[in-house]
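# An overview of the molecular structure
One-letter residues, chain by chain:
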Amino acid sequence: MELKFTLNEVPRVVEISADTLLLDLLRSMKCYSVKRGCETGNCGLCTVFVDERPVLSCSTLAARVEGRSVVTLEGLREEAEEYGAYIADEGAEQCGFCNPGLMMNAIALYRENPEATDDEIKEYLAGNLCRCSGYEGQLRGIRSYLEFKKGEVRHE
Amino acid sequence: MLKFKQYYRVKSLEEAYELNQKKSNVVLGGMLWLKLQRRTVGGVIDLSDLGLDQIMETEEAFTIGAMVSLRDLEQHEGLRAYLGEALHESLRHIVGVQFRNVATVGGSIFGRFGFSDVLTLFLALDAKVKFYHAGEMPLSVYASAAPLDKELKNDILEAVILPKHVEAVAYRSVRNSETDFPVLTCCAAKVNGVYRVSVGARPMRAAYTADLTDMLKDGITPETAAAFGKWVSEQFATGSNVRASADYRKKMIAVLTKRNVMELAETEKAVHAQTAAVQTKGGQA
């Protein structure tokens, strides 16, 4: 079947099978930031935006994004670089495999609630699993990123 | 993994209903549970274009479309104001925001999953479900029907209807680790003057009981709440699985019910104080 959608602001028309998952489609289109993790909807590695909302691409049928806008980390390069610097500054990046999903969701958090408290950050990111870090460094990095975005802290 | 050849993006409930009469077709909710099954089906029916992703509020009720995502449910201002913290508490532990943006109310309710926080919440609130063919029925009737007869199984769930009869509600769950399936879910509510308690993840699907004891009629104290919790725990069968034993669940039903009921008492106290303040103010004017 034919699927028309926008990927990182570029209109695309692709041929897919009825049961293609969005994760498989995006990786076949060279969006390798979208990681294949648990494939049970628990780890958040495959997070992408559909119409600006973070969703699990491993659990979204590709056919369901007909006419919609899909954004992966490749489409958020500037924000991702900005955020990534804060994560690196806190030593929160270890193997790095969870980072793309975490970045997507942290950016979604900022867009939805730029004044998030620590508890709200933890709750928002509960669906992003990391096997290396223990989350403390990531929490510090996200906090610094949000502060930077508020203009209270300048990154050097 | 779920395999299928046909994807039907239906344009009407009638079309969905007709397609769903075929045994090899299934209706898609959020697809989160369905995709975990090793199963090949003929086709999937997608209700995304039917406008069932809306929450409508009238003076009498909230009508929550079957395709409303759990995240939309959690964030709906009218529902948040009406149900208070219980709404958030019942949903916030369900994996993460990305998951709840995909999972739907209809998928959770229609599946009558044992682990469903959503079913537990709406059962205590005395909600109704609306099917395309079978019409409206109490959620408690649908939840306890076992197994589903062919007619209901092949019907299309349109909406969950929450009549505005809720006076107070409190929700608690136990999990071995954050975002995991619950070990136990428990919701207590005062609806139309009657205390109702639903318990899910027993690990069987949620069921409810109304207060038949009058234990709480003279007021809620720690003692009456504890006695009521013990009585409630005796009303439900529990089972054992990898997450917890039947005995543990039984004990936790009493604990969660007691805490929920104490919270209901606090809510009622706050409402009474607010009403009294308004009346005093009105009298002075």
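What you are looking at is a predicted structure, and each value in this text was computed from that prediction instead of being measured.

### Topic: the sheet that holds strand 5 (residues 61-65) of chain B
Residues and elements named next belong to chain B. Read from one edge to the other, the open sheet built from five strands follows the order 4-5-8-6-7, with strand pairing classed as antiparallel. Here the strands that pair on one side only, and so sit at the sheet edges, are strand 4 (55-57) and strand 7 (135-138). Across the sheet, the mean angle separating the axes of adjacent strands is 20° when strand polarity is ignored. Pairing analysis gives three bridges linking strand 4 to strand 5, with the strands arranged antiparallel.

### Digging into the packing of helix 2 (residues 77-89) of chain A against helix 5 (residues 136-149) of chain A
All names here are of chain A. The interhelical angle for the contact between helix 2 and helix 5, taken along N-to-C directions, is 135°, at an axis separation of 8 Å. Taken together, the axes of helix 2 and helix 5 lie oblique to each other. Two packed elements cross with a definite hand, and for helix 2 against helix 5 that hand is right-handed. Residues Tyr 83, Tyr 86, Ile 87 and Asp 89 of helix 2 touch helix 5, and the partners they reach there are Gln 138, Gly 141, Ser 144, Tyr 145 and Phe 148. Across the contact of helix 2 with helix 5, the residue classes break down as five nonpolar, three polar and one charged.

### Some words on the pairing of strand 2 (residues 10-15) of chain A
All names here are of chain A. Burial analysis of strand 2 places just zero of its six residues in the buried class, a small minority of the element. Here strand 1 (residues 2-7) pairs with strand 2 via six bridges, running antiparallel. Bridge pairing in strand 2 links Leu 7 to Val 10. Turn length for the strand 1-strand 2 hairpin, with the two strands adjacent in sequence and antiparallel, is two residues, and the turn residue Asn 8 shows positive phi of about 50°.

### Section: the nonpolar core
In this structure, Ala 106 of chain A together with Phe 122, Ala 124 and Val 169 of chain B are the most contacted members of the largest nonpolar core, which totals 128 residues. Here Ala 106 of chain A is in contact with Tyr 83, Leu 125, Ile 142 and Tyr 145 of chain A, once residues within four sequence places are set aside.

### Considerations on the packing of helix 2 of chain A against helix 3 (residues 99-112) of chain A
Residues and elements named next belong to chain A. Remark: helix 2 packs on helix 3, axes separated minimally by 10 Å, with the N-to-C direction vectors making an angle of 110°. With respect to helix 3, the element helix 2 is oriented roughly perpendicular. Contacts between helix 2 and helix 3 involve Glu 79, Ala 80, Tyr 83, Gly 84 and Ile 87 from the former and Asn 99, Met 103, Ala 106 and Ile 107 from the latter. Looking at the contact of helix 2 with helix 3, its residues break down into six nonpolar, two polar and one charged.

### Considering the domain arrangement of chain A
One can read the domain layout of chain A as domain 1 (2-74) and domain 2 (76-149). One C-alpha centre belongs to domain 1 of chain A, the other to domain 2 of chain A, and the line joining them spans 21 Å.

### Quick word on the domain arrangement of chain B
Residue and element names in this part refer to chain B. The assigned domain composition of chain B is domain 1 (2-43) and domain 2 (55-272). Here domain 1 and domain 2 have C-alpha centroids that lie 27 Å from each other. Listed as interface residues are 10 residues of domain 1 and, on the opposing side, 14 residues of domain 2. In terms of residue count, helix 1 (residues 13-20) provides more of the side of domain 1 that touches domain 2 than any other element does, four residues in total.

### Some remarks on the interface of chain B and chain A
Residue-level contacts link 22 residues of chain B with 23 residues of chain A. Put simply, the parts of the chain that give the side of chain B that touches chain A at least two residues each are strand 1 (2-9) and helix 5 (97-100) of chain B. In terms of residues, the side of chain B that touches chain A owes the most to one element, strand 1 of chain B, which gives six residues. Here the side of chain B that touches chain A is composed, by residue class, of 10 nonpolar, six polar and six charged.

### Notes on unusual backbone geometry
Residue Arg 202 of chain B is joined to Pro 203 of chain B through a cis peptide bond whose omega torsion reads 15°. Note on placement: Pro 203 of chain B falls in the loop between strand 11 (194-200) and strand 12 (207-210). Of note, the phi angle at Glu 9 of chain A is positive, near 70°, even though the residue is not glycine. Despite not being glycine, Asn 192 of chain B shows a phi value in the positive range, around 55°. With respect to the helices and strands, Asn 192 of chain B occurs in the loop between strand 10 (184-191) and strand 11. Note on Asn 192 of chain B: 10 C-beta atoms within 10 Å, which makes it exposed.

### Some points on helix 5 of chain A
Residues and elements named next belong to chain A. If you check helix 5, its first and last C-alpha atoms are 20 Å apart, about what 14 residues at 1.5 Å a residue would give, namely 20 Å. Along helix 5, the residues that are buried comprise Gln 138, Gly 141, Ile 142, Tyr 145 and Leu 146. All buried residues of helix 5 fall inside an arc of 135° around its axis, so they share one side. In this fold, the buried residues of helix 5 make contact with helix 2, helix 3 and helix 4 (118-124).

About the cut-offs
Residues numbered from 1 in each chain as written. Chains lettered and ligands numbered in written order. Predicted model: local features only at pLDDT ≥ 70, side-chain atom pairs only at ≥ 80, totals over all residues. Pairing = 2+ DSSP bridges. Helix = DSSP H or I, 4+ residues; strand = E, 2+ residues; numbered from the N terminus. Axes fitted to C-alpha atoms, helices over the stretch in contact; angles between N-to-C directions. Parallel < 35°, antiparallel > 145°, perpendicular 65-115°, else oblique. Left-handed = near helix turned anticlockwise from the far one by under 90°. Contact = placed C-beta atoms within 7 Å. Nonpolar A, V, L, I, M, F, W, Y, C, P; charged D, E, K, R; others polar. Buried ≥ 20, exposed ≤ 12 C-beta atoms within 10 Å, placed from the backbone. Core = buried A, V, L, I, M, F, W, Y, C linked by C-beta atoms within 7 Å. Domains from an automatic or database assignment. Expected span 1.5 Å × (residues − 1). Arc of directions from axis to C-beta.

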